[in-house]
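A look at the structure
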Amino acid sequence: MRRVKLVLEYDGTDFAGFQLQAQGERTVQGVLEAALARIPGTRPRVTAAGRTDSGVHALAMPVHYDTEDTVPVEKVPQALNALLPPDVRVLAAEEVPSDWHARYSARWRRYLYRVLNRSQPTALDRHRVWWVPQPFDFPKIAAAARMLEGEHDFGAFANREKRATVRRLYQAHVEAVGGELHLHFVGSGFVRGQVRAMVGTLVEVGLGRRPPEDVARLLENPERSEGGATAPPQGLYFVAAGYSPWEAGAA
């Protein structure tokens, strides 16, 4: 028996998220486990570093599975990509120790959110960005984002979360890239819906609907009803997970 780590890229547009669903909806986990089941010797139950929602994308999602197959690990990406649909690709594969865990061994996770900020919508990227045509006050968004860094109770940004809502956010960085606003978040972990709710709140700041200081208030009084609207899923990307302590600028 060996444990194999995969790194996945996927377009979440036509998936009901990563995780298997009770009603049998199409999921990334479902199509990956179906492909693995066609390789004799695998135990096609995969575990991922994160659980993306319906419509959310991934650039490099680590997952692991256990197997007794004899396929050389360097051939695994080619073998699986021949069996997977075109909206999921295996970018890399490697053998890892049996106690390595894609989720529990992760020390941090990085997300990117793309907002298209121009007067006209997009045809080609309509499933990959959130179009907001009104002009932003960029300095206010950047100032509000910095307030999110550190260890806080993120309950004001949690959707239907049953777990504790205290998390550590290592980085909340905003940059203008062409006609887009890119929001980068790195944290030890995220509560359900946190990134999209933070983005929705920051966009409201940028549009002048709430002051930047309101973010600090939400962290002190973590009521979801006080936070901003949840941004749509198509602009969100799981970028990476790290398995050593976070160092700014190292990832």
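A brief report on the enclosed structure follows. Nothing here was measured: the structure is a model prediction, and the numbers come from that model.

Rules of the game
Residues numbered from 1 in each chain as written. Predicted model: local features only at pLDDT ≥ 70, side-chain atom pairs only at ≥ 80, totals over all residues. Heavy atoms only, no water. Core = buried A, V, L, I, M, F, W, Y, C linked by side-chain atoms within 4.5 Å. Buried < 20%, exposed > 50% of the residue type's maximum accessible area, 1.4 Å probe, protein only. Contact = heavy atoms within 4.5 Å. Phe/Tyr/Trp six-rings, centres within 6.5 Å; stacked < 30°, edge-to-face > 60°. Helix = DSSP H or I, 4+ residues; strand = E, 2+ residues; numbered from the N terminus. Pairing = 2+ DSSP bridges. Arc of directions from axis to C-beta.

Details of the nonpolar core
Judged by nonpolar contacts, the single largest core of 64 residues is most densely connected at L6, L8, L80, L148 and F185. Setting aside chain neighbours within four positions, we find L80 in contact with L6, L32, A35, L36, I39 and V90.

Here's the deal with the packing of aromatic side chains
Both the distance between ring centres and the angle between the ring planes are used here to describe each pair of aromatic rings. Applying the stated criterion to the full structure yields eight aromatic pairs. Measuring from ring centre to ring centre gives 5.2 Å for W108 and W246, while their planes differ by 80 degrees; the resulting arrangement is edge-to-face. Of this pair, W108 sits in strand β5 (residues 108-116) while W246 sits in the segment after β10 (236-242), and the two are 138 residues apart along the sequence. The two residues W108 and W246 agree in class, both being buried. Measuring from centroid to centroid gives 6.3 Å for F154 and F157, while their planes differ by 50 degrees, and the two rings are tilted. With respect to burial, F154 and F157 carry one shared label: buried. Site record: aromatic cluster; members linked through ring pairs are W108, Y170 and W246.

Some words on the pairing of strand β9 (residues 180-187)
Judged by how many residues are buried, β9 sits mostly within the fold: eight of eight residues are covered. The alternating pattern of β9 places E180, H182, H184 and V186 and L181, L183, F185 and G187 on opposite faces, both of which are buried. As paired elements, β5 and β9 share eight bridges and run antiparallel to each other. If you follow R114 over to β9, its bridge partner there is H182. The sheet contact formed by strand β8 (residues 166-177) and β9 spans eight bridges and is antiparallel. Note on β9: the bridge partner recorded for A172 is F185. Linking two consecutive strands that pair antiparallel, namely β8 and β9, is a turn of two residues; a positive phi of about 60 degrees is found at G178 within it.

Comments concerning helix α3 (residues 138-147)
Listing the buried residues of α3 in full gives I141, A142, A144 and A145. For α3, the angular spread of buried residues about the axis comes to 165 degrees, placing them on one side. Summarising the geometry of α3, the exposed residues directed more than 90 degrees from the buried face are P139 and R146. Elements that come into contact with the buried residues of α3 comprise β8, β9, α4 (194-206) and α5 (214-220).

Notes on helix α1 (residues 28-36)
Counting buried residues in α1 gives seven out of nine residues, a clear majority hidden from the surface. Of all the positions in α1, only V28, Q29, V31, L32, E33, A35 and L36 are classed as buried. Residues of α1 that are buried in the fold lie against β1 (2-10), β2 (42-48), β3 (57-67), α2 (76-81) and β4 (88-96).

Bear in mind that shape data such as this cannot, by itself, settle questions of function.
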